[in-house]
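Here is what each chain is made of, one letter per residue.
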Amino acid sequence: MGAVTPARGAAGRRTPRDRGLFDREHELDVAGSVLEAARSRRGSVVVVRGAPGSGRSALLDAIGDRAAGFLVLRAHGATAEQSFPFGVVQQLLQPLVAAPGFARWEQGAAELAHGLLVDEPWSVAHQPSGPLLHGLHTLLRNVSDELPVLLIVDDLQWVDEGSRRFLDYLAKRLNNAPIQLVYAVTDGVEGDLAVGAFRTLSLRPLSADGISAMVANALGPGVATDLAGQVHAVSRGNPGAATAVLSALRAGHPLQAAAQLAADQMESLLGPWRLAILRIAPGAARELAQAMAVLGRDADPDLLLALTGLDEFDLDTAFVALERLGLAAPPERPGARPWLVHPSLATAVLGALPGDHRRKLHRHAAIALYIAGSDADRVAEHLVPAGAGAAPWGADLLRTAAGAAMERGDARRAAQFLQQALLDVPESGPYRATVLVELAVARRDVDPIFAARQIAAAVPELAPGPERATAVLRIPVAIAAAQRSLRRLIRDTAEELTAYDTDGGHTELARRMEARVRWLDLQNPERIAESITRLAEVDPDRLVTTGGGRELLTVLTGAAAVAAGRSAPEVGRLVELILRHEPADPAHVVTTLPVLMQSAVAADTVDSLEAWLDRTAAAPGPARPAGVRAALAAERAFLHAGTGRLARARQLSDEAVALAGTDWPEALILAVTARSVVALQTRDARLAADTLSLLDLVDDVRTVVGERMLRGLIASVNGDLTGALDGFLDAGWQLNRAGWTGVGGPPWRLWAAAVRRRIGDVEAARQLVEDELAAAEAWGGPTARGRALRMLGALTPGEAGITMQETAVTVLHDSADRLELARATVALARRLRDDHRPGAAALLAEGERLARAVGASWTEEGGQVTVPGPVPRLLRSGRDRLTPAEVAVVDLVMRGWANGRIAEELGVTRRAVEKNLTQVYRKLGVAGRTALVREFGAAVEDGA
């Protein structure tokens, strides 16, 4: 037979498994019976049909392998060759031309096919005339007189018109002919195929066992055990999809870990494969898929009609095609929205669209939604990718959508809308300035310094008075304090507003502006005195009813606290009044409200503040940016340092410093102040030195004083008593210079007294402590008073000194600083022990119990170092007892993430997350997720 030989027998065949064919025994049995019938001159047409990837081509190959003794002729339809006349016929029959028997087969009417196959095989002039079709049929009948013929045509839907006419002609003339036709067509893409099929083999999805065998064949049985179920689920039994998943896993994932992938991750592996299938879909189906990808959740039928330009019939036909191709899921109910089978397909479709076409689709989508009266957010989602100039009303609508996004806490999305709006507004003028201010507010939590500068640049374009004041109030007050130009801007704007608001119609704005000006003056003695006078003039109960009033009252109360312009009980009552009315909102970190932290701790009024911070940490909302988390952590660090919980204060201050950088000065100040307290209380010179490197990042009286105190500590530890005394006395001078004459700050007099005592100047030491006690008595706060009494008692010999120390313990029972109570208790116990007096052991035990309750224990030190008081040793905090994996899980729980999302983020199973959380609960002794959030509340970042 020369170049044409019959198929070999069974000994030469490849097995179905060799061809990657599984779970197709029924189809192969049918094909075998059909071939046997063809041998007996009962030829017929068999059509193999199925979705892309269902294994049609592999089944055709397997049928060819089973056609022992047949002359097997193959061809493949292709879209690129549809315009070539009789291209598939030539693929099928030209192998006959090279066979030695061709001259014999070409006898009779078969000569009519000579021109098509031999003389002019590539001519485009060939037409499917009756004589030509008869000649081709005769040629095949002549061949079949010598041996049976099997013609296999893959992708019949792409066959050219001439070849289609011939195959239809042949299919009707197979009676008494040993000629078998086997075609394959793809569901969802075939046209009108008049093939007169005798049998149709519709390829069903593979069973779980079939996919399992396929996975085992590809990867080995050990890996297949874990993966087979997931591959079957994600491929839906489609062997092509299963092959694509396995290839992607081999390329991008360790197979041992692949079984841990979440369902969505497995689905996303099919994005490129599904996109390749879409490319062979009918044009209308491709247009529909593009529209669905662009519209996403907005893909309802009316919008799809508007976006594609199809009529309802063509739209339904296109959707059916997508469904048959496995690319779309049917609507759950009549009139429901259709969906692409998975978001990864939409992503792939959008990625493959040319940029101009994608922008055009989004522009049409935005206009269609706008006309339909959709909400601004839905329209804006399409205006952003549509680009500049998408619609004349685009900027206004984007601003509306940005406002809605800010209300629900989605600043990132708001910024995206506003950046797009800027492309559609004039290059200058009030309108652009307003949009710039709105954009700055949206970006403020992420980049507060840039936001402040952007607002400052926009203000001159706005009208003096309320417009400028409203814009300036958007600047984080701590940022303004750090820059001279911004301080000047706030003062000038406040003066402008006062001149404008002659009738008092903008009282709320005026109060907020006054609060900011007075906040800027909290380190000026004269201005502090004016604020204390102003406090006497206002009615706090009226002020707290508005946000601006609370901001102003907070600053006035802060002035009274730092200068002891009111007593501790009075300041405490004002703090509680403010907290009762102020919503627990993380947004307070950019206002004057953080001043409350210092006032509350100084006045020993921390219970209300801690409850308020708990509510703030647990407030619902999207994931919070690093700066906001830094501010919340710093506030808690300051609170814990002021109440003796030093281990937690150290941990939270470290978190805040790492998150804040220099972009959040108030967070940094509170955090380093807390660190300074920890270093001083524990006499930790190394921590003091480490903290010193942070204190020069912000110019503020608190950081200046902290730097002096820490240098004094380091000098004291190193035995440089002159340097230590200079540091502590200079800290006091700096506080007095700023007008901070109260006792709410670092107890510099007590530290200076300790050094005086070590030098031997006991009278000078005693005078410093008596001055501290007098100030504390006037202030009325138990912490300051008890601390001074403890120190004075340590410097006083005999019974009088012991009485003072006993009084200190009594006073400190009302203090918010439980570590100071523990210190006074231990100091008294050690003195009683040294004097061999009764009760020392019980007091020592009580002092240790109190210390452990706040995460500390007591060191045993001797000599003159004992004068400032017993030194605590910090115990390991709860987080220190966790493994790195447990810490990672806790951090994500603090952001409000569900277990499924945590598993996906960390690349582990949901069960692994649950196991880690169980271990965390056990180690920390907490009852569950809510208690865990309370334990580590400062890091909470609520979100999806």
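Details of the structure are given in the entry above.
Residues numbered from 1 in each chain as written. Predicted model: local features only at pLDDT ≥ 70, side-chain atom pairs only at ≥ 80, totals over all residues. Heavy atoms only, no water.

Looking at the layout of surface pockets
Reasoning step 1: What the largest pocket holds in volume is close to 1200 Å³.
Reasoning step 2: Lining the largest pocket are 42 residues, with Met 406, Arg 444, Asp 445, Asp 585 and Ala 587 positioned closest to its centre.
Reasoning step 3: For the lining of the largest pocket, the secondary-structure elements that each account for two or more residues are α20 (394-407), α21 (411-422), α22 (430-443), α27 (507-520) and α30 (547-562).
Reasoning step 4: Each residue belonging to the lining of the largest pocket can be placed in one class, and the counts come to 20 nonpolar, seven polar and 15 charged.
Reasoning step 5: In this structure, the second largest pocket occupies an estimated 900 Å³ of space.
Reasoning step 6: Gln 523, Asp 699, Asp 700, Val 701 and Arg 702 are the residues nearest the centre of the second largest pocket, which is lined by 42 residues in total.
Reasoning step 7: Contributing elements (two or more residues each) for the lining of the second largest pocket: α25 (477-481), α27, α30, α32 (595-602), α36 (665-682), α38 (701-717) and α39 (721-737).
Reasoning step 8: Of the residues forming the lining of the second largest pocket, the biggest block, five residues, is contributed by α32.
Reasoning step 9: For the lining of the second largest pocket, a count of residues per class yields 26 nonpolar, ten polar and six charged. (1 Å grid on protein atoms, 1.4 Å probe; cavity = no way out; pocket = protein on both sides within 12 Å on 5 of 7 lines; lining within 4 Å. Points joined across faces, edges and corners; volume = space filled by probe spheres on them. Helix = DSSP H or I, 4+ residues; strand = E, 2+ residues; numbered from the N terminus. Nonpolar A, V, L, I, M, F, W, Y, C, P; charged D, E, K, R; others polar.)

Structural notes on the packing of aromatic side chains
Any pair of aromatic rings gets described here by the distance separating the centres and the angle formed by the planes.
Reasoning step 1: Inspection of the entire model under this criterion finds two aromatic pairs.
Reasoning step 2: Between Tyr 370 and Trp 393 the ring centres are 3.7 Å apart and the planes differ by 15 degrees, which places this aromatic pair in the stacked class. With Tyr 370 in helix α18 (residues 355-371) and Trp 393 in the loop between α19 (376-386) and α20, the pair connects residues that are 23 residues apart, well separated along the chain.
Reasoning step 3: A relative accessible area of 18% means that Trp 393 is categorised as buried.
Reasoning step 4: With a centroid separation of 5.4 Å and 40 degrees between ring planes, the pair formed by Phe 728 and Trp 751 is classed as tilted. A residue pair is termed long-range when its members are at least 10 positions apart, and Phe 728 in helix α39 and Trp 751 in helix α40 (residues 748-759) qualify at 23 residues.
Reasoning step 5: A residue is classified by how much of its surface remains accessible, and Trp 751, at 11% relative accessible area, is buried.
Reasoning step 6: Positioned above the aromatic ring of Tyr 431, the side-chain terminus of Arg 399 is 5.1 Å from the ring centre. (Phe/Tyr/Trp six-rings, centres within 6.5 Å; stacked < 30°, edge-to-face > 60°. Buried < 20%, exposed > 50% of the residue type's maximum accessible area, 1.4 Å probe, protein only. Lys NZ or Arg CZ within 6 Å of the ring centre and 35° of its normal.)

Section: the pattern of salt bridges
Reasoning step 1: Enumeration according to the criterion identifies 41 salt bridges in this entry.
Reasoning step 2: Here Glu 551 and Arg 512 are joined by a salt bridge, their closest N and O atoms 2.5 Å apart. Of this pair, Glu 551 sits in helix α30 while Arg 512 sits in helix α27, and the two are 39 residues apart along the sequence.
Reasoning step 3: Judged by relative accessible area, Glu 551 falls into the buried class, the value being 2%.
Reasoning step 4: Between Arg 518 and Glu 514 there is a salt bridge, with its nearest N and O atoms 2.8 Å apart. (Salt bridge = Lys/Arg side-chain N within 4 Å of Asp/Glu carboxyl O.)

A short note on the sheet that holds strand β1 (residues 45-50)
As a general point, the strands of a sheet are linked pairwise by backbone hydrogen bonds and lie either parallel or antiparallel.
Reasoning step 1: Here five strands make up an open sheet; going across it, the order is β2-β3-β4-β1-β5 and the pairing parallel. The sheet is open, and its two borders are formed by β2 (71-76) and β5 (199-202), each paired with just one other strand. With direction set aside, neighbouring strand axes in the sheet form an average angle of 15 degrees.
Reasoning step 2: Direction of pairing for strand β3 (residues 149-154) relative to strand β4 (residues 179-186): parallel, over a ladder of five bridges. Counted as the bridge partner of Val 153 is Tyr 183 from β4.
Reasoning step 3: Its contacts with the sheet place helix α3 (residues 87-97) against β2 and β3, and it is angled at close to 150 degrees to β2. (Pairing = 2+ DSSP bridges. Axes fitted to C-alpha atoms, helices over the stretch in contact; angles between N-to-C directions. Contact = heavy atoms within 4.5 Å.)

A short note on helix α7 (residues 161-171)
Reasoning step 1: The buried fraction of α7 amounts to eight of the eleven residues, a majority that puts the element mostly inside the structure.
Reasoning step 2: Of all the residues in α7, the buried ones are Gly 162, Ser 163, Phe 166, Leu 167, Asp 168, Tyr 169, Leu 170 and Ala 171.
Reasoning step 3: Residues of α7 that are buried in the fold lie against β1, α3, α6 (130-144), β3 and β4.
Reasoning step 4: The residue sitting at the N-terminus of α7 and contributing the capping side-chain oxygen is Asp 160; that oxygen lies 3.3 Å from the backbone nitrogen of Gly 162. (Polar contact = N/O pair within 3.5 Å; in protein donor to acceptor, adjacent residues only side chain to side chain.)

Details of the side chain of Glu 666
Reasoning step 1: Relative to the assigned elements, Glu 666 resides in helix α36.
Reasoning step 2: Residue Glu 666 is classed as buried on the basis of its relative accessible area of 8%.
Reasoning step 3: Ignoring sequence-local partners within four residues, the contact set of Glu 666 consists of Ala 478, Trp 519, Pro 594 and Arg 702.

A few points about the packing of α19 against α20
A pair of packed helices can be characterised by two numbers: the angle between their axes and the separation between those axes.
Reasoning step 1: The contact between α19 and α20 brings their axes to 9 Å, and the two run at 120 degrees. As judged from the angle between their axes, α19 and α20 are oblique. Handedness of the α19/α20 crossing: left-handed. Along its contact with α19, which presents Ala 376, Asp 377, Val 379, Ala 380, Leu 383 and Val 384, the element α20 presents Gly 394, Leu 397, Leu 398, Thr 400 and Ala 401.
Reasoning step 2: Across the contact of α19 with α20, the residue classes tally to eight nonpolar, two polar and one charged. (Parallel < 35°, antiparallel > 145°, perpendicular 65-115°, else oblique. Left-handed = near helix turned anticlockwise from the far one by under 90°.)

Considerations on the pairing of β1
Reasoning step 1: Within β1, five of the six residues are buried, leaving the element largely enclosed by the surrounding structure.
Reasoning step 2: Two strands pair when backbone bridges link them, and β1 and β4 are joined in this way by six bridges, in the parallel orientation. Its bridge partner being in β4, Gly 50 is matched across the sheet by Thr 186.
Reasoning step 3: Relative to β5, β1 is paired through four bridges, and the arrangement is parallel. Note that in β5 the partner of Val 46 across the bridge is Arg 199.

As for a nonpolar patch on the surface
Reasoning step 1: A surface patch of nonpolar side chains, about 290 Å² in accessible area, is lined by Ile 367, Tyr 370 and Ile 371.
Reasoning step 2: For Ile 367, the location among the structural elements is in helix α18. (Patch = residues over 30% accessible without salt bridge, like charges linked within 9 Å, V, L, I, M, F, W, Y side chains within 5 Å. Areas by Shrake-Rupley, 256 points an atom, 1.4 Å probe, with all protein chains shown as cover.)

Comments concerning unusual backbone geometry
Reasoning step 1: Even without glycine at this site, Ala 564 takes up a positive phi of about 55 degrees.
Reasoning step 2: One can find Ala 564 in the loop between α30 and α31 (568-581).
Reasoning step 3: The backbone of Asp 604 sits at a positive phi, close to 60 degrees, despite the residue not being glycine.
Reasoning step 4: Mapped onto the fold, Asp 604 is located in the loop between α32 and α33 (607-617).

A short note on α40
Reasoning step 1: Helix length check: α40, at twelve residues, gives a terminal C-alpha distance of 17 Å against a target of 16 Å (1.5 Å per residue), a fit within 8%.
Reasoning step 2: Listed as buried for α40 are Trp 748, Arg 749, Leu 750, Trp 751, Ala 752, Ala 753, Ala 754 and Val 755.
Reasoning step 3: Looking at the buried positions of α40, the neighbouring elements they touch are α36, α38, α39, α41 (762-779) and α42 (782-795).
Reasoning step 4: Gly 760 occupies a position one or two residues after α40 and carries a positive phi of about 110 degrees. (Expected span 1.5 Å × (residues − 1).)

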